[in-house]
Amino acid sequence: MESPDEKAGASPRASDIEREAVVARLSRACGEGLLNLGEFSERVESARVVRTRAELDRLVDDVPDAPGTRAVRTQWHVAPVGGLRRHGRWRMDRHLVALTVIGGTSLDLRDAEITAPEVTLTKVSLLGNVTVCVPRGVRVVLEGRSLLPCPRGGRLDDCDDAGPDAPTLRIRSFSLLGGVTVQSPPYAP
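Counting restarts for each chain, with residues numbered from 1 along the sequence as it is written. Since the coordinates come from a predicted model, pLDDT governs what is reported: local features require at least 70, and pairs of side-chain atoms require 80 or more to be given and counted, while whole-chain, interface and lining totals use all residues. Side-chain measures here rest on the full set of heavy atoms in the structure, leaving out hydrogens and waters.

Taking an unreviewed UniProt entry as the reference, the protein chain is identified by name as DUF1707 domain-containing protein belonging to Actinomadura yumaensis.

Structure (structure tokens):
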């Protein structure tokens, strides 16, 4: 049975699968820096309540529709509670996104395989610090905001010896309460 809206040529109702696809697309856009956190939150909230496909389409009409559109390979870590910890031998693609409600991120890049001359870590959480150990000679760029920064956050310990052609780690951290600490290990004797 058709509703009066459908008879008049209105857009069909959106399914839960379509809503989840839009939320995934918005998440990718936020991770790639195409949406700020406020836009992301607002659009995800709208995606959960809109009724039609046309309304869903309007939420993503300015966002690329496929991952890799900007030639960025993205690794995702999504957890409501709990952090991300990587050390030893592991592969870091061009973009690592960690989304948590409560939880920090701790990365040791000394033995990691870095897949590009510039890689990006995007950390989004309500509560959570970012701690990164980088090999000497890696340039580190800090971006992002914390409404209430931790006292130790935002430090670059001994990471200023990178040359002009050095590999770059871009850290984009957004949180209500958190900070970023980046350090290089001491030289081996």
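With reference to specific residues and values, describe the side chain of Thr122.
Secondary structure elements are defined from DSSP: runs of H or I of at least 4 residues count as helices, runs of E of at least 2 residues count as strands, and each element is numbered from the N terminus. Note on placement: Thr122 falls in strand 7 (residues 118–127). Think of it in three bands: with a 1.4 Å probe and only protein chains considered, a residue is buried below 20% of the maximum accessible area for its type, exposed above 50%, and partly exposed in between. The class for Thr122 is buried, based on a relative accessible area of 1%. Among the polar contacts made by the side chain of Thr122, one reaches the side chain of His95 at a distance of 2.7 Å. What Thr122 contacts, discounting residues up to four positions off in sequence, is Gly31, His95, Leu96, Val97, Ala98, Arg172 and Phe174. What qualifies as a polar contact is a pair of N or O atoms within 3.5 Å, subject to a donor-acceptor requirement within protein and to the restriction that residues adjacent in sequence count only when both atoms come from side chains. In this description, contact between two residues means that some pair of their heavy atoms is separated by no more than 4.5 Å.

Help me get a handle on the packing of helix 2 (residues 16–31) against helix 3 (residues 37–49), residues and values and all.
Contact pair helix 2 / helix 3: the axes reach a minimum separation of 9 Å and the direction vectors enclose 175°. Considering their axes alone, helix 2 and helix 3 lie roughly antiparallel with respect to each other. Residues Arg19, Glu20, Val22, Val23, Leu26, Ser27 and Cys30 of helix 2 pack against Leu37, Phe40, Arg43, Val44, Ala47, Arg48 and Val49 of helix 3. For the contact of helix 2 with helix 3, the residue count by class is nine nonpolar, one polar and four charged. Fitted lines through C-alpha atoms serve as axes, helices being fitted only where they are in contact, and the angles separating the N-to-C directions of these axes extend from 0 to 180 degrees. Each angle gets one of four labels, with under 35 degrees taken as roughly parallel, over 145 as roughly antiparallel, 65 to 115 as roughly perpendicular, and the rest as oblique. Any residue that is not Ala, Val, Leu, Ile, Met, Phe, Trp, Tyr, Cys, Pro, Asp, Glu, Lys or Arg is counted as polar, Gly included; the first ten are nonpolar and the last four charged.

Which residues make up the pattern of salt bridges, and what are the values?
We define a salt bridge as a contact between a side-chain nitrogen of Lys or Arg and a carboxyl oxygen of Asp or Glu at a distance within 4 Å. All told, the structure shown has ten salt bridges when counted by the stated rule. Between Asp108 and Arg110 there is a salt bridge whose closest N-O contact spans 2.5 Å. Overall, the relative accessible area of 44% leaves Arg110 in the partly exposed class. Among the salt bridges present, the one from Arg170 reaches Glu143, with a minimum N-O distance of 2.5 Å. Of this pair, Arg170 sits in strand 11 (residues 168–178) while Glu143 sits in strand 9 (residues 139–149), and the two are 27 residues apart along the sequence.

How would you summarise the nonpolar core if you had to cite specific residues and measurements?
In plain words, nonpolar cores are sets of buried Ala, Val, Leu, Ile, Met, Phe, Trp, Tyr and Cys residues tied together by side-chain atoms within 4.5 Å. Judged by nonpolar contacts, the single largest core of 20 residues is most densely connected at Met92, Leu109, Leu121, Val132, Val134, Leu169 and Ile171. Of all elements in the fold, only strand 4 (95–102), strand 7, strand 8 (130–133), strand 11 and strand 12 (180–183) reach the threshold of two or more residues within this core. Setting aside residues up to four positions removed in sequence, Val132 forms contacts with Leu107, Leu109, Leu121, Leu169, Ile171, Thr181, Val182 and Gln183. In this structure, Val22, Val23, Leu35 and Leu56 belong to the second largest nonpolar core, which totals 15 residues.

Outline the packing of helix 2 against helix 4 (residues 53–60), listing residues and values.
Packing of helix 2 against helix 4 brings their axes to within 10 Å, and their N-to-C directions diverge by 5°. In terms of their interaxial angle, helix 2 and helix 4 are classed as roughly parallel. Along its contact with helix 2, which presents Glu18, Arg19, Val22, Arg25 and Leu26, the element helix 4 presents Arg53, Leu56, Leu59 and Val60. Of the residues contributing to the contact of helix 2 with helix 4, the split by class is five nonpolar, no polar and four charged.

Summarise the sheet that holds strand 4; cite the residues concerned and give the values.
Pairs of strands are assigned from DSSP output, requiring at least two bridges between the strands. Pairing is parallel across the open sheet formed by five strands, whose spatial order is 1-4-7-11-9. Strands with a single pairing partner mark the edges of an open sheet, and in this sheet they are strand 1 (74–81) and strand 9. In this sheet, neighbouring strand axes are inclined to one another by 5° on average, regardless of whether the strands run parallel or antiparallel. Relative to strand 11, strand 9 runs parallel, the two sharing ten bridges.

Break down a nonpolar patch on the surface for me, citing the residues and quoting the values.
Put simply, a patch holds well-exposed residues, over 30% relative accessible area, that have no salt bridge, with like charges counted together within 9 Å and Val, Leu, Ile, Met, Phe, Trp or Tyr side chains within 5 Å. To be clear on the numbers: accessible area is Shrake-Rupley with a 1.4 Å probe, and residue cover counts the displayed protein chains and nothing else. A surface patch of nonpolar side chains, amounting to about 790 Å² of accessible area, comprises Val81, Val101, Ile102, Leu126, Leu127, Leu147, Leu148, Leu176 and Leu177. Going through the elements one at a time, strand 4, strand 7, strand 9 and strand 11 are the ones with two or more residues in the nonpolar patch. Looking at the secondary structure, you find Leu176 in strand 11. Residue classification places Leu176 among the partly exposed residues on the basis of a relative accessible area of 37%.

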